[in-house]
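Observations on the three-dimensional arrangement
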Amino acid sequence: MTFTQWFIFFLVVQVIHFLGTWKLYVKAGRKAWEAAIPVYNGIVLMKIINRPKWWIALLFIPVVNLLMFPVIWIETIRTFGFYKKLDSLLVIVTLGLYIFYINYATDASYHADRSLKPRSELGEWVSSIAFAIIAATLVHTYFMQPFTIPSSSLEKSLLVGDYLFVSKFHYGARVPSTVIAAPMVHDSLPFSNLRSYLKKPQLPYTRLPGLQKIKNNDIVCFNWPADTLATMWGDTSGKFTYKPLDKKTNYVKRCVGIAGDSLEIKNGFVYINGKKNELPYRAKIQFYYTYESKTPITSSNFPNFLRGKERTGVYKILTEYWNDPRVQDAFKQSANLSKIGSDSLYTEVAGGVAQDLANRLKMTNVDTKININLTQEEVVQLKKYSQTVSVNKVNYGADNAIFPHVESNQWSQDNFGPIYIPKAGATVTLNAASLPYYEQIIKNYEANDLQVVGENIFINGEKADSYTFKQDYYWMMGDNRHNSLDARYFGFTPFDHVLGKPVMVWFSWDPSAAGIGTKIKSIRWDRMFTTVHGDGEPVSYRYVVFGLIALYIGYSFYKGKKIKK
C-alpha cells in the first residue's frame, strides 16, 4: 500500500470510530463532534476512560498498535459498565465492532470514577502480561533485538551459539512494513511452520534517523536479499521478493565494502579501491587447507589445538572412472559437484559432499587427508606438528554460482572483481555487459519495470542507456571465507534490508553439546556481556551486569518487605 492508500484507510477508520462511539462521548459529557476529529478524538477518549494520553502514540506504532487496540476496546466498554468476560471476548472477536452494539442498542451509563484495578487476580495477571508484551515489543522492534549466531561464517569474531543484542538505533530503526504479525517472532510461529504474519497490507519502507552510517568492516545484521537459492543459481524467471522485506531471513556478516567503493578479491583477500582491506584485530580470516598426516587421522591423534574445528574429508576417484562420460554428465547436472576437480590420484572436496553422493560416484575417503578451516596462525602451528606431511591451501576455480553469474568472468570465491558497489545518486552506464550487475537492483530492489528487447533496455517503458541508484548498497562477507554464503553469491545488500548493528554478546554456549548438564558446562562465561566491535581482546562486563541485577533484586525485596510492613 502507498502512503496515499494508508491515509485513506486512516480516514475510513476515523469514520468507523465516530459512528461507533459518538453517543458514548455524549454520555461521558463530551460533544459528539469530538469523536470525529482524528488524534484529538483519541486524546478525549483517553480522558473518558481515565488512561494516560501517551497511550495514543502507541496506536500509531506498527505491530505495537495491534496489541494496544484490544486493550483500549476493553477499557472503553468497561468504562460504560460492561465488565463480563463475554463482553471482553466479543469486543476482541468483532475487532471492536461490538462497541456499535453498546453505542446504539443499550442504555449504557458512564462510570467516570470506576476502579482501574483488575477485579480478580487472573485479571491482574493478564493485565501485567499484556503490558509486558507491549513494552517488550516496542523495545524489540525499535531499540534492541536479540539475535542468535547460527553459522560459523564470522568464526573467531562471533561464534556459533553466541546470543547478541542488535541495536536498531545505530543505523536508524526500520518501521515494520508488515503491519499484521505476531509480536517478537520472525517469519514463523514458535514450534510450528505456520507463517507468523499476513503478506498484506504492507507499509511503504520508512526508517527513523540513525546515529551513524555503516563503515567498512562493521559487523551488520540484515535481511538476506535473496531469501531463496533459486535466484542465486541464475533462475530469474520469478519475482525476486519471496517474502515481505522485514520477514526475510536474518543474516549477520561483515560489511567489507560500502556504497561507492570499488571491490576486488585476490586469493581470498579483499581489496577496496585498490588497497588491501585491513581488518580489526578480532577478525581472523580463515580458509580451507588440505592437511596431510603421516598416519591415518583419528580423534586420538588429531592436534589438540584444532579440536572442534570444522573438518571435511578428502575423497579419491580413480582416473578411469573420472573420465567416464556418465560421471562428467552427473557433474554438469548437479550444483553440489561444482567445486570438485581431479588429478591423476584424488579429488579434493572442501565441504558439503554427502556420503551417498560419494558412494554414487565411487569416491573413497583418503584417511590421511582432511580439509580443515584454519587461520594463518593455525597454519603456522600445524606445519610444526610432528605428524604433519603438508598443509596446502584449497584453491577454488571459476564458479557460475558466483554473482552476477556471468560465465565469461571466470570469477571464483577467491578471485573476484573488480566490481562497483552502487551509491545513492550515482549513475552507471547500462548495456548488455553491465546489466547483469545491476538487474536485481533496478528490477527488484528499486521496483522498476525492466524489459530487454534485443540489445535495447527499457525501464518503466522508456529506453535507457544509464541508471541512477535510489539508495546505498553494501558488500557483506564472512571471515570464514571458504564457508560463508555471502555477497559473492547473492550480490549487493540494499540499505533498506539493513536491520541493525550487533553491539553485545549477552550469552554464549556450544549449541552442539548434548544434554542439559553438558550444555551448562559449555557456557562460555568469558564471552558473556562482551562488546562485538572494537580492537584488542574482547572485554566482558558480566560482573558489572550481574552486580546490577543483584542490586535490583535486593532493592525489590527490601521495597516489598517495607510495603508489606
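Model, not experiment: these values are computed from the prediction. (Residues numbered from 1 in each chain as written. Predicted model: local features only at pLDDT ≥ 70, side-chain atom pairs only at ≥ 80, totals over all residues. Heavy atoms only, no water.)

**Some thoughts on the sheet that holds strand β8 (residues 269–272)**
An order of β9-β8-β7-β14 is seen for the four strands of this open sheet, with the pairing classed as antiparallel. With one partner strand each, in any of the chains shown, β9 (275–276) and β14 (416–420) form the two edges of the open sheet. (Pairing = 2+ DSSP bridges. Helix = DSSP H or I, 4+ residues; strand = E, 2+ residues; numbered from the N terminus.)

**Topic: the packing of helix α4 (residues 64–79) against helix α7 (residues 121–142)**
It is at 9 Å that the axes of α4 and α7 come closest, and there the two elements cross at 155°. It follows that α4 is roughly antiparallel to α7 by the angle criterion. The handedness of the crossing between α4 and α7 comes out as left-handed. For the pair α4 and α7, the contacting residues are Val64, Leu67, Met68 and Val71 in the first and Phe131, Ile133, Ile134, Thr137 and Leu138 in the second. Each residue belonging to the contact of α4 with α7 can be placed in one class, and the counts come to eight nonpolar, one polar and no charged. (Axes fitted to C-alpha atoms, helices over the stretch in contact; angles between N-to-C directions. Parallel < 35°, antiparallel > 145°, perpendicular 65-115°, else oblique. Left-handed = near helix turned anticlockwise from the far one by under 90°. Contact = heavy atoms within 4.5 Å. Nonpolar A, V, L, I, M, F, W, Y, C, P; charged D, E, K, R; others polar.)

**Some points on unusual backbone geometry**
With omega at 5°, the peptide bond leading from Phe403 into Pro404 counts as cis. For Pro404, the location among the structural elements is in the loop between β13 (388–393) and β14. Cis peptide bonds are those with omega within 30 degrees of zero, and the linkage from Gly417 to Pro418 qualifies with 10°. Tracing the backbone through its elements, the reader meets Pro418 in strand β14.

**Overview of the confidence of the model for the protein**
On average, residues of the protein score 85 in pLDDT, and 88% of them are at 70 or above. Here helix α8 (residues 229–232) is the element of the protein with the lowest mean pLDDT, 46, and strand β20 (residues 473–477) is the one with the highest, 97. When the criterion is pLDDT under 50, residues 229–241 qualifies, and its contacts beyond four places in sequence or with other chains add up to 26 contacts. The model gives residues 342–346 a pLDDT under 50, and that stretch makes 12 contacts with residues more than four places away or in other chains. (pLDDT = per-residue confidence, 0-100.)

**Quick word on the pairing of strand β17 (residues 456–459)**
Regular strands place their side chains on alternate faces of the sheet. Side chains Ile457 and Ile459 project from β17 onto a buried face, and the interleaved Asn456 and Phe458 project onto a face without burial. With four bridges connecting them, strand β16 (residues 450–453) and β17 associate as antiparallel partners. Across the sheet, the residue bridging to Gln451 is Phe458, located in β17. Counting the residues between successive antiparallel strands, the hairpin from β16 to β17 contains two residues, one of them, Gly454, with a positive phi of roughly 65°. In the sheet, β17 pairs with strand β18 (residues 462–463) via two bridges, with the strands oriented antiparallel. From the neighbouring strand, Ile459 faces β18, where its bridge partner is Glu462. (Buried < 20%, exposed > 50% of the residue type's maximum accessible area, 1.4 Å probe, protein only.)

**Considering the side chain of Thr79**
Secondary-structure assignment places Thr79 in helix α4. A distance of 2.7 Å separates a polar atom in the side chain of Thr79 from the backbone oxygen of Glu75. Apart from residues no more than four positions distant in its own chain, Thr79 is found in contact with Ile48, Ile49, Ser109, Tyr110, His111 and Arg114. (Polar contact = N/O pair within 3.5 Å; in protein donor to acceptor, adjacent residues only side chain to side chain.)

**Focus on helix α6 (residues 98–105)**
Listed as buried for α6 are Tyr98, Ile99, Ile102 and Asn103. The buried residues of α6 occupy an angular sector of 145° when projected down its axis, which confines them to one face. If you follow the buried residues of α6, they end up packed against α1 (3–27), α4 and α5 (85–93). (Arc of directions from axis to C-beta.)

**Topic: the environment of Lys117**
Mapping Lys117 onto the fold places it in the loop between α6 and α7. Lys117 gets classed as exposed once you look at its relative accessible area, which sits at 60%.

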